[in-house]
Amino acid sequence: MPQDYLKDILPNINEFTAIKKYLSNIGTSFASHISTNVGDDCAVYQSSHHQLISTDVAVEGVHFPKNLPPEFIARRAVASALSDIAAMGGSLEGFTLGLSISKMDDQWLAGLRKGLQYIARKYHVPLIGGDVVKGPTQLSVTVIGSSKKPPILRSGAKEKDIVCISGKLGGSFLGHQDYLKNNSHSAISKRYLSPEARIEYGKCCSSYVNSMIDISDGIFQDLSHLTLSSRVGARIDFKAIPFLSNDYAKEIIKFGDDYELLFTVSPNKIHQLEMHLAKHQMKVFRIGVIDGKKTIIDNLPSKISTKGWDHFA
């Protein structure tokens, strides 16, 4: 059999060479706790802490436009998954990537790798496994985290808790509009192209808050997830919600995709939390209280809908 037999039956790049070339050795300097990494059937690690696992799927045409550079596809897909760990006050251990693409494209895969490397460096988190298949373009990201303390759940809100958020809303919507207009990476479009998972903020909150969730589907929709899980209601002052642009409040709420944290904290801990966050140059925005069994939005403009993002709408 000729020595170049494999060259005849295999393309220049396939699933296995793509994994080795583009999806290996990403964030390995942050993987001292991982004993077996990319290249085996499973990643292997040990932890004596509470283990946190979450999966997000990013689909072309739904979560990112068809022409979005692969570097930013990677940044968006992984950061949105990491945000779920932030919402539980956890630390990051690693992430896996399930990649579906229509064809092997060296340039596209190199861009994807660049985005994954950015995430690994920014959050000190390694890529520890995954798979590549042929199909419509989409990324399935499973993120693994841990917490020394009991994780913060959506279901822990208590009567008289103060309802807070971690930052101003609208960066993703305004960034998306800027990207559609200018098709470039800028200070404005960055909030959409490269969203931030509030990992450190979540960890700072872990000793103080009773419940927490990330704002991915719009503030009111995610608030409803928290109140339903906690079997409580809330009284929210719409005027207290910080938007980057009040002119686009309606669109911002519907668009979601901000990944700020929404949480509740008891009145006797709110000042401690505010001082603790201030030491780390972070802010708290109070927007309401947990009260009763129904949620009421005071000062809600008539043109504003409380409905957020819906994948199946």
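Residues numbered from 1 in each chain as written. Predicted model: local features only at pLDDT ≥ 70, side-chain atom pairs only at ≥ 80, totals over all residues. Heavy atoms only, no water.

1. Observations concerning the overall build of the protein chain
Line of reasoning, step 1. Of regular secondary structure, the protein chain possesses 10 helices and 12 strands.
Line of reasoning, step 2. For the protein chain, the residues scored as buried account for 50% of the 313 residues in total.
Line of reasoning, step 3. Partitioning the contacts of the protein chain with sequence separation of at least 6, the portion at a separation of at least 24 is 84%.
Line of reasoning, step 4. Here the protein chain displays about 16,100 Å² of accessible surface, and carbon together with sulfur accounts for 51% of that area. (Helix = DSSP H or I, 4+ residues; strand = E, 2+ residues; numbered from the N terminus. Buried < 20%, exposed > 50% of the residue type's maximum accessible area, 1.4 Å probe, protein only. Contact = heavy atoms within 4.5 Å. Areas by Shrake-Rupley, 256 points an atom, 1.4 Å probe, with all protein chains shown as cover.)

2. What to know about unusual backbone geometry
Line of reasoning, step 1. A positive phi is found at His-124, a non-glycine position, where the angle reads about 55°.
Line of reasoning, step 2. The topology assignment puts His-124 in the loop between helix H4 (106-123) and strand S5 (127-134).
Line of reasoning, step 3. Phi is positive for Arg-231, close to 60°, though the residue is something other than glycine.
Line of reasoning, step 4. Residue placement: Arg-231 occurs in the loop between helix H8 (219-230) and strand S9 (234-237).

3. Concerning the environment of Ser-102
Line of reasoning, step 1. With respect to the helices, strands and loops of the structure, Ser-102 is situated in the loop between strand S4 (91-101) and H4.
Line of reasoning, step 2. Taking the C-alpha atoms as reference points, Ser-102 and Gln-138, separated by 36 residues in sequence, lie 9.7 Å from one another.
Line of reasoning, step 3. Discounting chain neighbours no more than four positions away, the residues touching Ser-102 are Lys-134 and Gly-135.

4. Re the packing of aromatic side chains
Line of reasoning, step 1. Summed over the entire model, instances satisfying the criterion amount to 6 aromatic pairs.
Line of reasoning, step 2. For the pair Phe-173 and Phe-255, a centre-to-centre distance of 5.7 Å together with 70° between the ring planes defines the contact as edge-to-face. Linking Phe-173 in helix H5 (residues 171-182) with Phe-255 in helix H9 (residues 249-255), this pair joins segments that are 82 residues apart in sequence.
Line of reasoning, step 3. When its relative accessible area of 9% is taken as the criterion, Phe-173 is described as buried.
Line of reasoning, step 4. Where Tyr-201 meets Phe-263, the ring centres are 6.0 Å apart and the plane angle is 50°; that geometry is what we call tilted. One end of the pair, Tyr-201, is in helix H7 (residues 199-205); the other, Phe-263, is in strand S10 (residues 260-265), and 62 residues separate them in sequence. (Phe/Tyr/Trp six-rings, centres within 6.5 Å; stacked < 30°, edge-to-face > 60°.)

5. Examining the sheet that holds S9
Line of reasoning, step 1. Spatial strand order, S8-S10-S7-S11-S9-S12: 6 strands in an open sheet with mixed pairing. Each edge of the open sheet is held by one strand with a lone partner, namely strand S8 (209-215) and strand S12 (296-298). Shown here is a sheet whose adjacent strand axes are inclined to one another by a mean of 25°, direction ignored.
Line of reasoning, step 2. As judged from the 4 bridges shared by strand S7 (residues 162-165) and S10, these two strands associate in the antiparallel manner. Of the residues in S10, the one forming a bridge with Ile-162 is Val-265. (Pairing = 2+ DSSP bridges. Axes fitted to C-alpha atoms, helices over the stretch in contact; angles between N-to-C directions.)

6. Observations concerning the environment of His-63
Line of reasoning, step 1. One can find His-63 in the loop between strand S3 (50-59) and helix H3 (70-86).
Line of reasoning, step 2. Under the relative-accessibility criterion, His-63 is labelled partly exposed at 23%.
Line of reasoning, step 3. With 194 residues separating them along the chain, His-63 and Asp-257 place their C-alpha atoms 9.4 Å apart.

7. Brief notes about the sheet that holds strand S6 (residues 138-147)
Backbone hydrogen bonds hold the strands of a sheet together, and the pairing may be parallel or antiparallel.
Line of reasoning, step 1. Ordered in space as S3-S6-S4-S5, the 4 strands form an open sheet in which the pairing is mixed. The open sheet is flanked by S3 and S5, the only strands paired with a single partner. Averaged over all neighbouring strand pairs, the angle between strand axes comes to 15°, with direction disregarded.
Line of reasoning, step 2. The sheet strands contacting H3 are S3, S4 and S6, and the helix crosses S6 at an angle near 35°.
Line of reasoning, step 3. Packing against the sheet, H4 makes contact with S4, S5 and S6, and its axis sits at approximately 170° to S4.

8. Notes on the confidence of the model for the protein chain
Line of reasoning, step 1. For the protein chain, mean pLDDT is 85; residues scoring 70 or higher make up 82% of the total.
Line of reasoning, step 2. Scored below 50 in pLDDT, residues 1-11 makes 0 contacts in the model with residues more than four places away or belonging to other chains.
Line of reasoning, step 3. Scored below 50 in pLDDT, residues 35-40 makes 16 contacts in the model with residues more than four places away or belonging to other chains. (pLDDT = per-residue confidence, 0-100.)

9. So, the side chain of Asp-222
Line of reasoning, step 1. Following the sequence through the fold, Asp-222 ends up in helix H8.
Line of reasoning, step 2. This buried residue, Asp-222, is left without a salt bridge; Arg-154 holds the nearest opposite charge, at 5.9 Å.
Line of reasoning, step 3. A polar contact is formed between the side chain of Asp-222 and the backbone nitrogen of Asp-217, at a distance of 2.8 Å.
Line of reasoning, step 4. Those residues in contact with Asp-222 that sit more than four places away from it in its chain are Ile-213, Asp-214, Ile-215, Ser-216, Asp-217 and Leu-262. (Lys, Arg positive; Asp, Glu negative; His and termini not counted. Salt bridge = Lys/Arg side-chain N within 4 Å of Asp/Glu carboxyl O. Polar contact = N/O pair within 3.5 Å; in protein donor to acceptor, adjacent residues only side chain to side chain.)

10. Quick notes on the environment of Ile-219
Line of reasoning, step 1. The topology assignment puts Ile-219 in helix H8.
Line of reasoning, step 2. Along the chain, Ile-219 and Thr-306 lie 87 residues apart, while their C-alpha atoms are 8.2 Å from each other.
Line of reasoning, step 3. If we ignore the near neighbours within four places in the chain, the residues touching Ile-219 are Ile-165, Leu-169, Ile-241, Ile-253, Leu-262 and Ile-287.

11. Section: the pattern of salt bridges
Line of reasoning, step 1. By the definition in use, this model includes 7 salt bridges.
Line of reasoning, step 2. The shortest N-O distance in the salt bridge between Asp-257 and Arg-76 comes to 3.0 Å. A residue pair is termed long-range when its members are at least 10 positions apart, and Asp-257 in the loop between H9 and S10 and Arg-76 in helix H3 qualify at 181 residues. The burial state of Asp-257 is the same as that of Arg-76; both residues are buried.
Line of reasoning, step 3. Of the charged contacts in the structure, one is a salt bridge between Arg-286 and Glu-274, with a shortest N-O distance of 3.0 Å. Here Glu-274 lies in helix H10 (residues 270-279) and Arg-286 lies in strand S11 (residues 285-290), a separation of 12 residues in the sequence.
Line of reasoning, step 4. Given a relative accessible area of 24%, Glu-274 falls into the partly exposed group.
Line of reasoning, step 5. Each of Glu-71, Arg-75 and Lys-114 takes part in one network of salt bridges that share partners.

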